[in-house]
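For reference, the chains in residue letters:
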Amino acid sequence: MYRRNSTRWLASAVVGSVVAAGALALLPSAAQAQTETSQPSGAQADFAAAAAKYDVPVSVLMGVTRAESGWRSHPGYSDKGGYGLGDLTDVTTDMLVDGAAGAGGRSDLSALVNRPGMHTLRTASKLTGIPAARLRTDRGANLEGTAALLASYQKTLTGSLPRNPSEWTAAVAEYSHLTDKKAATRYVDGVFGAIASGAEQKTAQGTLRLAADQNARPDLSQLDELKLTSADTTTGAECPATMDCTYAPVAVTGSNGQVSNRPANGIQIDRIVIHTAEGTFASALSTLSAPGAVVSAHYLMDTDGSTTQLMPAEDIAYAVGNYHYNLHSVSIEHAGFTAQGAQWYTDATYQQTAELVKYLAQRYDVPLDRQHILGHDNVPGSLDSNLAKQHWDPGTAWDWNRFMRLLGAPAATGPHGVGPAGSVVTIAPGFEKNTQSYTVCPADDPSGVTTACGEVAQASNSLFVRQAPAADAPLLLDPDVHPGLTAGTDQISDWSDRVQAGQQFVVADRQGDWTAIWYDGQEGWIYNPCGRNTVPAKGVTVISAVGPDAAPLYGQAYPAASEYPAGLSPSRQVALTAPGYRIPAGQAYVVDQPAAAADDYFASGAVVKGAQKYYQAQFNNRTIYVNAADVTATEAR
């Protein structure tokens with residue numbers, strides 16, 4: 001995925017911590033100049049220096065940073081609000097535009113970021129005197145900022161800076177910024193579990209070691225000083241009775257979502273989105289529970305199928321990177337790493353996710369098809385600026401054929417084959433037999449398992465789309481995703497040149513073993529000998545540009561500015577202008593449901609409906625909005 005949309009998205013609260021790609025990729029600090037063999041060097045020296053400067057036990061500093069970042073860092077943190085090994089936060093409005101909120105075009109952005117809990121980096125700068133820019137990029141400075149915060153919390157809570165790690169329990173919990181006692185206890189247990197057992201990790205700068213201290217035990221009585229809340233985890237979960245489902249609601253703050261009353265207020269829930277958390281269950285839970293979070297989800301599922309509901313389904317979670325899709329969807333996060341999906345998408349995950357999706361679909365009348373049961377990788381950006389930034393989870397390893405069968409709604413029924421130009425096909429490769437090779441790089445795999453770029457062959461839900469009917473033809477190019485290139489890539493995270501099982505496209509041409517489809521405003525070719533990777537679809541509605549000009553596309557579907565009542569600032573409804581984002585005359589794309597009215601929602605509870613109606617169409621690997629006035633809709637042949 002991608003997906004790493006939080007101030008703690010790659011943080012870990014357990015010994016088996018989550019790690020981000022790019023081993024300790026912050027700039028070297030002055031502490032690295034030490035060369036004496038009797039002294040630690042590199043990153044280990046930075047930990048020792050920062051801990052000594054602020055009288056923090058080095059084991060506490062190492063335990064907390066391991067929980068926050070897995071002792072690894074990469075520039076992606078700065079896109080999500082958290083910086084460096086200490087995950088010091090500094091959230092900006094741009095992060096809400098291009099992050100999980102997908103809030104581009106909205107008038108209420110500044111109010112969402114003006115809260116102290118979202119700016120611990122600025123507090124650290126005041127405590128240390130180190131400029132914010134250095135705290136973001138310099139490893140040693142970042143660790144000093146982290147140590148200064150811990151020392152500040154400890155002195156405020158106890159008035160002293162003891163040597164015994166156990167006496168820092170409350171300060172460790174305070175650093176997590178978790179307000180729920182159960183969640184804060186889990187975080188503390190994870191930090192002290194690492195301290196007690198010790199930890200070791202290889203990095204580009206050498207091996208980091210946290211010496212085991214079996215006497216280090218958290219003093220949980222200290223948590224009473226923090227006035228933590230205790231959520232009711234026994235009632236209220238919106239899950240089937242057969243599921244192991246816990247209710248642990250997070251505070252809906254405006255930066256991670258909005259309190260709403262869907263669908264009673266007229267905002268229809270008509271999409272369910274499947275996500276991969278790029279981390280363990282514990283790390284994702286810590287992230288999603290953090291009060292400064294800029295990401296959320298309605299549900300989080302572990303690999304054994306046990307599920308925690310974090311937000312009522314009627315509320316709006318900032319989960320998919322597109323506000324209007326957030327407005328109409330329920331999101332289910334899963335523990336795991338997209339690049340290693342097959343190892344994390346267990347039988348229990350498929351079975352229990354299917355149970356939950358069936359329950360939600362029946363409750364909210366969500367269509368059980370692949371335009372409404374989506375992966376995060378099927379959701380478009382909201383604006384030109386973030387079309388290429390959207391996530392790619394759950395990726396190629398999520399078996400959509402299997403999952404849709406478990407829902408009782410197989411994506412493709414009938415014999416395999418392909419019809420003439422103008423007909424519609426459902427993409428239907430057999431998952432286990434459809435082996436594809438992808439390039440996987442460390443940046444794609446925040447588990448830390450991938451240490452160098454390499455080709456990986458794996459079972460896949462996807463087919464590559466090429467520029468011509470040949471195995472050696474270049475992959476189809478999305479010029480917005482790959483500006484300056486001439487072809488797409490086989491990178492596992494490159495969603496732009498592949499189709500997934502269950503998606504439907506209009507046939508443009510056929511040639512030998514190859515089938516051309518209208519895709520991304522272009523003619524793209526998929527390998528389809530004897531139609532083995534597709535199933536003809538009947539009774540499907542397709543749309544085409546209404547005249548000789550290309551039909552514009554939209555990432556969102558807001559009403560016109562004139563339709564907003566006085567006192568409500570209109571959201572901006574503008575067509576996408578990124579290269580290729582239109583439906584050229586002569587091409588056709590599939591829509592599964594009738595066009596729906598444009599709408600918008602405000603934190604006050606106000607709902608605005610527009611006169612214009614928009615289709616949700618399958619445009620490339622992602623769906624997109626099309627104004628019904630710009631296209632004609634017909635039944636495919």
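Look above for the structure.
Numbering of residues starts from 1 in every chain and runs along the sequence as written. Local features in this predicted model are restricted to residues whose pLDDT is 70 or higher, and side-chain atom pairs enter the listing and the counts only when it is 80 or higher, whereas totals over whole chains, interfaces and linings include all residues. Each side-chain value is worked out from all heavy atoms of the structure, with water and hydrogens disregarded.

1. A few points about the overall build of the protein chain
Note the threshold: Secondary structure counts use DSSP, requiring at least four H or I residues in a row for a helix and at least two E residues in a row for a strand, with both numbered from the N terminus. The classification of residues rests on relative accessible area computed with a 1.4 Å probe and restricted to protein chains. Under 20% of the type maximum is buried, over 50% is exposed, and intermediate values are partly exposed. In what follows, a contact means two residues having at least one pair of non-hydrogen atoms within 4.5 Å.
A tally of helices and strands in the protein chain yields 15 helices and 29 strands. Relative to its 637 residues, the protein chain shows a buried fraction of 61%. Taking the contacts inside the protein chain whose residues are at least 6 apart along the sequence as the reference set, 71% of them involve residues at least 24 apart.

2. Details of the sheet that holds strand β18 (residues 504-511)
The condition is simple: Pairing between two strands is assigned when DSSP locates at least 2 bridges connecting them. Inter-axis angles, ranging from 0 to 180 degrees, are taken between N-to-C directions of lines fitted to C-alpha atoms, where helices are fitted over the stretch in contact.
Spatially, β20-β19-β18-β13-β21 is the arrangement adopted by the five strands of the open sheet, whose pairing is antiparallel. Edge strands, defined here as strands with exactly one partner in the open sheet, are β20 (522-527) and β21 (534-537). Direction aside, neighbouring strands of the sheet carry axes that sit 50° apart on average.

3. A look at the packing of aromatic side chains
Applied cut-off: The pairing test for Phe, Tyr and Trp rings, Trp by its six-membered ring, is centres within 6.5 Å, and the orientation test on the planes gives stacked under 30 degrees, edge-to-face over 60, and tilted for anything in between. Geometrically, a charge over a ring is one whose NZ (Lys) or CZ (Arg) sits within 6 Å of the ring centre while staying within 35 degrees of the ring normal.
Enumeration according to the criterion identifies 17 aromatic pairs in this entry. When the ring of Trp-398 is compared with that of Phe-403, the centres are 5.3 Å apart and the planes differ by 65°; the resulting orientation is edge-to-face. By relative accessible area, which is 0% here, Phe-403 ends up buried. Aromatic pair Tyr-564 and Phe-602: ring centres 6.1 Å apart, planes at 90°, arrangement edge-to-face. Separated by 38 residues along the polypeptide, Tyr-564 in the loop between β23 (551-552) and β24 (582-583) and Phe-602 in the loop between β26 (596-601) and β27 (607-618) bring together distant segments of the chain. Judged by relative accessible area, Phe-602 falls into the buried class, the value being 10%. An aromatic cluster of at least three residues, connected via ring pairs, comprises Tyr-345, Tyr-350, Trp-398, Trp-400 and Phe-403. Above the face of the Trp-71 ring, Arg-66 is positioned so that its terminal group lies 5.5 Å from the ring centre. The ring of Tyr-325 carries Arg-271 above its face, with NZ or CZ at 4.6 Å from the centroid.

4. So, the environment of Gly-321
Assignment of secondary structure puts Gly-321 in the loop between β10 (316-317) and α12 (323-327). Sequence separation between Gly-321 and Lys-389 is 68 residues, and the spatial gap between their C-alpha atoms is 9.0 Å.

5. Focus: the packing of helix α6 (residues 120-128) against helix α8 (residues 139-158)
Defined as follows: Convention used here: angles under 35 degrees read as roughly parallel, angles over 145 as roughly antiparallel, angles from 65 to 115 as roughly perpendicular, and any remaining angle as oblique. Any residue outside Ala, Val, Leu, Ile, Met, Phe, Trp, Tyr, Cys, Pro, Asp, Glu, Lys and Arg is labelled polar, Gly included; the first ten of those are nonpolar and the last four are charged.
At a minimum axis distance of 9 Å, the contact between α6 and α8 shows a crossing angle of 85°. It follows that α6 is roughly perpendicular to α8 by the angle criterion. Here Thr-120, Thr-123, Ala-124, Leu-127 and Thr-128 of α6 come into contact with α8, specifically with Glu-144, Gly-145, Ala-148, Leu-149, Ser-152 and Tyr-153. For the contact of α6 with α8, the class distribution of residues is five nonpolar, five polar and one charged.

6. Some remarks on the state of the cysteines
The test is simple: Here, the term disulfide refers to a pair of cysteine sulfur atoms separated by no more than 2.5 Å.
Per the counting criterion, the structure on display carries two disulfides. For Cys-441, the disulfide goes to Cys-453, at an S-S distance of 2.0 Å. Taking the sign of the torsion about the S-S bond as the criterion, the disulfide between Cys-441 and Cys-453, at about 120°, is right-handed. One end of the pair, Cys-441, is in the loop between β14 (435-440) and β15 (454-459); the other, Cys-453, is in the loop between β14 and β15, with twelve residues separating them in the sequence. By relative accessible area, which is 52% here, Cys-453 ends up exposed. Numbered in order of appearance, the disulfide-bonded cysteines of the protein chain are paired 1-2, 3-4.

7. Some remarks on unusual backbone geometry
Cis geometry marks the peptide bond from Arg-262 to Pro-263; its omega dihedral reads -10°. Relative to the helices and strands, Pro-263 resides in the loop between β6 (257-258) and β7 (271-274). Here Asp-393 and Pro-394 are connected by a cis peptide whose omega angle stands at 0°. The residue Asp-87 is not glycine, and still its phi comes out positive at about 50°. Within the secondary structure layout, Asp-87 lies in the loop between β1 (82-83) and β2 (88-89). Although it is not a glycine, Cys-530 sits at a positive phi angle of roughly 55°. When you line up the elements, Cys-530 lands in the loop between β20 and β21. Taking relative accessible area as the criterion, Cys-530 reaches 79% and is therefore assigned exposed.

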